[in-house]
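# Structural features, examined
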Amino acid sequence: MDFDYLKQKRILLVDDEQELLDMVCSILSEDGFQKIATAKTMKEAVALSSAYHPELAILDVMLPDGNGFDLMEQLKRTSDYPVLFLTARGEDEDKFRGFGLGADDYMVKPFLPKELLFRVNAILRRSYKGENPLVRLSGCEIDFERAEVIKNEERLPLTAKEHDILTCLYRNAGRIVTIDALCEAAWGDNPYGYENSLMAHVRRIREKIETNPSRPVSLITMKGLGYKLIVEGR
Amino acid sequence: MKSVPRLIRRFIGILLLSFLLLAALNITLLFLYTRSQLPNSYPWKTAEEVAGQLSQDENGYHLSEKMTRELEDFDVWAILIDNDTMQVAWQTNDLPESVPMSYSISDIAGLTRGYIDGYPTFTGEIENGLVVLGYPKDGFWKHMWPSWDYKLIADLPKTVLSILVINVTLVFLIYVVANSKLLRSVKPIVNGIQALPSEDAVYVPERGLLCELAASINKTSEILQHQKRQLCKKENARANWIAGVSHDIRTPLSMVMGYAGQLREDAGLNDAQRQKAAVIVKQSERMRNLINDLNLTSKLEYNMQPIRSRTINLVALVRQVVVDFLNLDVDGRHPIEWETSENLTACPVNADENLLKRAVGNLIQNCINHNGQGCTIHVGVTKDEDKCTVSVIDDGLGATDEQIKRLNNAPHYMDCDETTAEQRHGLGLLLVRQIAAAHGGTVTIGHGIRGGFSVTFTLPMADG
């Protein structure tokens, strides 16, 4: 399975409510995650961080002995792993503060298990993509590290733009990514007027990854909205 | 400040009027007073009467009994000076001793103009002499030099007029000087009162004639500011209370939603059980949306939500919201059709990205909430000359004309302090309206062309 290596990641879960910890644990373990450690206070979390070497932290903002933002600062001082915030405070300021300090994502309670899993998987995929160079699609495999598509024993190189577009789609595998987000991924912050170029790139990507480029099964068009990448094993 | 010049004009008018009235009154009083006085010419006439009634015979001169009595009544003495001898030729019995008995011509001239020994004297002519009446010393005052400069008399009207003008000017000057001080102190008071209706704090320096008024204005302003602060505090408390409650609900709701979500996907359960879990998920999602809306709507209501506007592409934003819904739509009962022209790739508006996403998201959520049986939602963006419009139209149950009229006009229960049955419920559309208003846009609710519900959200286009 392509994502098995991600399921082996050590996850640190910090929240002051035992029931919430139990629930998140159950959601994660049901999805296949096996290495989960939980902490209820900042102190416990800091101790666990140095002993357990987590590869992803899911932090609550409100903790009995401090707030999650301070905790993240402390954790990041000693090691560098991605952080996802879970909070009951939906205020924008918190959001900006969280991202300003280097949080990787942010979720406001309450949330569906699906949303949580999507974000956890997306963060892990983004942060540890180098560890699993091969992504299996229906008709080929993609080696993101070497920017190559392996189809029928043949290695087809990806251009820089094709690589950018595919990376963005892969991070959101199974979900629609808007035209605008893809243009931004490929052409940067002011991505207006690249829609036609994007279509051309998508056509060339399909020629490389699809068995039958005129009937795509891996890179699906959502008319007017964007594209979706279907990854095997999802 | 228009009232102040009007006030000054009125004051001057009143002043001039009272000036004229006073002059008229004085003249009238003088006239009435002098009329009651004895005429000045009457002793002269009496003297002439005496002269006329003085008769001469061989024994000398005689005055009639009646005239004699009359003179005695008034305590008047009389003498007759003979023309030839310049001696007193006749006299009344009560002649004071100090009156001389012989006169020179210069004496005559003197007594005609003035007095004999302090007695005011009046003369009357007879054929060969001069009758002189002497009145009591305090009876008359005689003007010794009854002559005037001719020019003075000739110029009298002019002189009187110019004196009058000088008087009026003087009074006016006194008024202006006295009042300019008053006006100087009135001006800040007037400014202060005019500034009171604006909600800012007002301070008028408490000095000058009207310092008490200034103090009252300052006090009033202080009270207004205090009330404003109190109101603000109350509103903050309310918004904070709502924020607190919604925060406290989020954690328990996470548990409900999380476990129900797991059960919904649990392959070990049968369809009916999973269906029940799906209902719990759906209802907890509704509660989540309600909490989010309640929190934001109360913040917008009390201006506690910062609007972080920047130029954003409305097409991209709406597209992202649609995709977010599609990525989350589990049962596929609410497909969304993207109906935006392919040529329209950018539609710049100045807006807060998160708020706008909430607004469009609420419109789509609204279609889903009201069409449990499923419906297709058509979302589109159009660009006109100076505005961008997002339309969200479904082919679901729709609403009656009456309901739509009420949605467009009736107040929401959040905005309304009356408890009438006519109020609207549901925060979704209220929030959309608030967000539109915060961005200078409008919301129109109507019938969809496919029989369902239609909402259009229009924003002014950003420059450039």
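Since the structure is predicted, the reported quantities are computational estimates derived from the model, not experimental observations.

Our focus in this paragraph is the overall build of chain B. Secondary structure assignment for chain B yields twelve helices and 14 strands. A buried classification covers 38% of the 464 residues belonging to chain B. Put simply, 62% of the contacts in chain B that link residues at least 6 apart link residues at least 24 apart. Per element, the accessible surface of chain B, about 28000 Å² overall, is 58% carbon and sulfur.

What follows deals with the overall build of chain A. From N to C terminus, chain A includes nine helices and 14 strands. Here the analysis covers contacts within chain A between residues at least 6 apart in sequence; of these, 59% occur between residues at least 24 apart. Split by element, the accessible area of chain A, about 10400 Å² in all, is 47% carbon and sulfur.

Next up on the list: the sheet that holds strand β13 (residues 219-222) of chain A. Residue and element names in this part refer to chain A. Here three strands make up an open sheet; going across it, the order is β12-β14-β13 and the pairing antiparallel. Looking at the sheet topology across the chains shown, the edges are occupied by β12 (176-178) and β13. Neighbour-to-neighbour, the strand axes of the sheet open up by a mean angle of 30°, direction not taken into account. For β13 and strand β14 (residues 226-229), the ladder comprises four bridges, and the chain directions are antiparallel. Residue Thr 221 lies in a different strand from β14, and its bridge partner there is Tyr 227. Across the sheet, helix α8 (residues 179-187) touches β12 and β14, and the angle it forms with β12 is around 70°. Strands β13 and β14 of the sheet are contacted by helix α9 (residues 195-209), whose axis makes an angle of about 150° with β13.

Turning our eyes to something else, we now look at the interface of chain B and chain A. Interfaces are often sized by the accessible area lost when the parts come together. Each side of the interface is counted separately: chain B has 36 residues, and chain A has 33 residues. Taken over both partners, the interface formed by chain B and chain A buries close to 3300 Å², and the fraction arising from carbon and sulfur atoms is 58%. Looking only at chain B, the three residues that lose the most surface to chain A are Gln262(B), Arg319(B) and Asn327(B), adding up to 18% of its buried area. Between the two partners, chain B and chain A, sit three salt bridges. The tally of links from chain B across to chain A stands at 13 residue pairs in polar contact (both at pLDDT 80 or more). Of all the secondary structure elements, the ones that give two or more residues to the side of chain B that touches chain A are α7 (211-265), α8 (271-301), β8 (309-313) and α9 (314-328) of chain B. The element best represented in the side of chain B that touches chain A is α7(B), accounting for 13 residues. Each residue belonging to the side of chain B that touches chain A can be placed in one class, and the counts come to 15 nonpolar, 13 polar and eight charged.

Next up on the list: the packing of aromatic side chains. Going through the model one piece at a time under the given rule, you end up with twelve aromatic pairs over all chains. The interplanar angle of 55° and the centroid separation of 5.1 Å between the aromatic rings of Phe69(A) and Phe85(A) together place this pair among those described as tilted. Of this pair, Phe69(A) sits in helix α4 (residues 68-78) while Phe85(A) sits in strand β6 (residues 83-87); the two residues are 16 residues apart in sequence, bridging distant segments of the chain. As far as the burial class goes, Phe69(A) and Phe85(A) line up, both buried. Measuring from centroid to centroid gives 5.1 Å for Trp44(B) and Phe122(B), while their planes differ by 90°, and the two rings are edge-to-face.

Now for the environment of Phe11(B). As for its placement among the helices and strands, Phe11(B) is situated in helix α1 (residues 3-35). In sequence terms Phe11(B) and Tyr175(B) are 164 residues apart; their C-alpha atoms lie 9.6 Å from each other.

Rules and cut-offs
Residues numbered from 1 in each chain as written. Chains lettered and ligands numbered in written order. Predicted model: local features only at pLDDT ≥ 70, side-chain atom pairs only at ≥ 80, totals over all residues. Heavy atoms only, no water. Helix = DSSP H or I, 4+ residues; strand = E, 2+ residues; numbered from the N terminus. Buried < 20%, exposed > 50% of the residue type's maximum accessible area, 1.4 Å probe, protein only. Contact = heavy atoms within 4.5 Å. Areas by Shrake-Rupley, 256 points an atom, 1.4 Å probe, with all protein chains shown as cover. Pairing = 2+ DSSP bridges. Axes fitted to C-alpha atoms, helices over the stretch in contact; angles between N-to-C directions. Buried area = accessible area lost by both parts, 1.4 Å probe. Salt bridge = Lys/Arg side-chain N within 4 Å of Asp/Glu carboxyl O. Polar contact = N/O pair within 3.5 Å; in protein donor to acceptor, adjacent residues only side chain to side chain. Nonpolar A, V, L, I, M, F, W, Y, C, P; charged D, E, K, R; others polar. Phe/Tyr/Trp six-rings, centres within 6.5 Å; stacked < 30°, edge-to-face > 60°.

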